[in-house]
Amino acid sequence: MRFAAFTSGGKKGLAVAGADGVFHGFFDGNSEYPGSLGSLIAKGSEALDTAAAVLKNGPVINLNQVQLLPPIQTPGKIICVGLNYVDHSLESGFTPPSYPTIFTRFTSSLIGAGSPIIRPKASTQLDYEGEMVVVIGTGGRHIAEADALKHVIGYSIFNDASIRDYQMKSPQWTVGKNFDATGAFGPWLVTADELPPGGTGLHLQTRLNGTVVQDASTSDMIFSAAKLIAILSEALTLSPGDIIVSGTPAGVGFARKPQLYMKHGDVCEIEIEGIGVLRNTVVDE
Ligand code: MG
């Protein structure tokens, strides 16, 4: 199942794709609206199935005529993984890590597919990072790697757009990873049953103005989705709706010679096989 969250005319809505790929759904305020995707995930996968059955009977939602939102607008945690591909670690001047490089984002940085990524006044070093998102369905602590994928409800795509000079101003990357409207998340959530276990073996490609700039397989991740869940839950309780932004492969702009940064009017697309295309334009603040 594919669930898309959207807004139109000041009202939020949720839609699900049918077998023909056409989305049907309802707006908040309609008696059939089942609630936000985040609230459904918190209720469990049966609630998601029930909601899908209801949404399928709703009117067609043309996703080109509404504003897509992040599938989950307020995840309790946005856990990002840096340096999770060997080639990207090396191009960035780091040794591939033996423990994942964890940083966090705030919900204030999130935007949906089709919304502009804002290049801030403060910097011209706005870079793209195409990544797969792992969405937690069932929470837990001390989750064994062998059980970890049972805790995943689905997958999505993320552009972890980074302000490089701010990212490197200090050893903590937090500021450079949290400028407003730099975390593109979408276009929708694909439930785990539609993808290979752990989202492995999927072709991931980032295109900037149509030129391929990142081209990899999610199998190249150093720490798989299952491993990340096991490692993270050693320290903290994962909760329904938390998202893990699983890292980017080689090809980012700052590691290129000459460097390649995104500017006003650019179009950045990230495509992951079996999930979709996350497309955003870049607009100056
Ligand atoms: Mg990243």
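Cut-offs and rules
- Residues numbered from 1 in each chain as written.
- Predicted model: local features only at pLDDT ≥ 70, side-chain atom pairs only at ≥ 80, totals over all residues.
- Heavy atoms only, no water.
- 1 Å grid on protein atoms, 1.4 Å probe; cavity = no way out; pocket = protein on both sides within 12 Å on 5 of 7 lines; lining within 4 Å.
- Points joined across faces, edges and corners; volume = space filled by probe spheres on them.
- Helix = DSSP H or I, 4+ residues; strand = E, 2+ residues; numbered from the N terminus.
- Nonpolar A, V, L, I, M, F, W, Y, C, P; charged D, E, K, R; others polar.
- Domains from an automatic or database assignment.
- Contact = heavy atoms within 4.5 Å.
- Buried area = accessible area lost by both parts, 1.4 Å probe.
- Salt bridge = Lys/Arg side-chain N within 4 Å of Asp/Glu carboxyl O.
- Donors = N, O, S within 2.8 Å, 3.2 Å for Na, K, Ca; no water.
- Buried < 20%, exposed > 50% of the residue type's maximum accessible area, 1.4 Å probe, protein only.

### Description of empty space enclosed by the protein
- A complete count under the given rule lists 1 cavity of 30 Å³ or more for this structure.
- One number sums up the size of the largest cavity: a volume of about 90 Å³.
- For the largest cavity, the lining is made up of 16 residues, of which L83, H88, E129, Q167 and W173 are closest to its centre.
- Of all the secondary structure elements, the ones that give two or more residues to the lining of the largest cavity are β5 (78–82) and α4 (164–167).
- When its residues are assigned to classes, the lining of the largest cavity shows 6 nonpolar, 6 polar and 4 charged.

### Things to note about the domain arrangement of the protein
- What the domain assignment lists for the protein is domain 1 (2–68) and domain 2 (78–284).
- Of note, the centres of domain 1 and domain 2, computed from C-alpha atoms alone, are 25 Å apart.
- Counting from both sides, the interface comprises 12 residues of domain 1 and, opposite them, 17 residues of domain 2.
- In this assembly, domain 1 packs against domain 2 so that about 1,100 Å² is buried in total across both faces, 65% of it on carbon and sulfur atoms.
- Put simply, domain 1 and domain 2 have 1 salt bridge between them.

### Observations concerning the coordination of the magnesium ion
- Within the protein, the magnesium ion binds to E129 (OE), E131 (OE) and D160 (OD); these donor distances fall in the range 2.0 to 2.1 Å.
- The sequence pattern formed by the donor residues of the magnesium ion is E-x1-E-x28-D. Here E131 is found in strand β10 (residues 130–136), whereas its partner D160 is found in strand β11 (residues 152–160), with 29 residues between them in sequence.
- With a relative accessible area of 0%, D160 lands in the buried category.

### A few points about the environment of V66
- Position of V66 among the secondary structure elements: in the loop between α2 (45–55) and β4 (67–68).
- For the pair V66 and N209, spaced 143 residues apart in sequence, the C-alpha to C-alpha distance is 23 Å.
- In contact with V66, other than residues within four places in its own chain, are F6, T7, S8 and I61.

### Structural notes on the layout of surface pockets
- In this structure, the largest pocket spans a volume of roughly 190 Å³.
- Listed by contribution, the elements that provide at least two residues to the lining of the largest pocket are β4, β13 (183–191) and β18 (276–284).
- In the lining of the largest pocket, the residues fall into 7 nonpolar, 3 polar and 1 charged.
- Computed from the structure, the second largest pocket encloses a volume of approximately 160 Å³.
- Along its surface, the second largest pocket is lined by 14 residues, and S36, G38, S39, I72 and T74 are the ones closest to its centre.
- At 4 residues, the largest contribution of residues to the lining of the second largest pocket is made by helix α1 (residues 37–43).
- In terms of residue class, the lining of the second largest pocket is built from 6 nonpolar, 7 polar and 1 charged.

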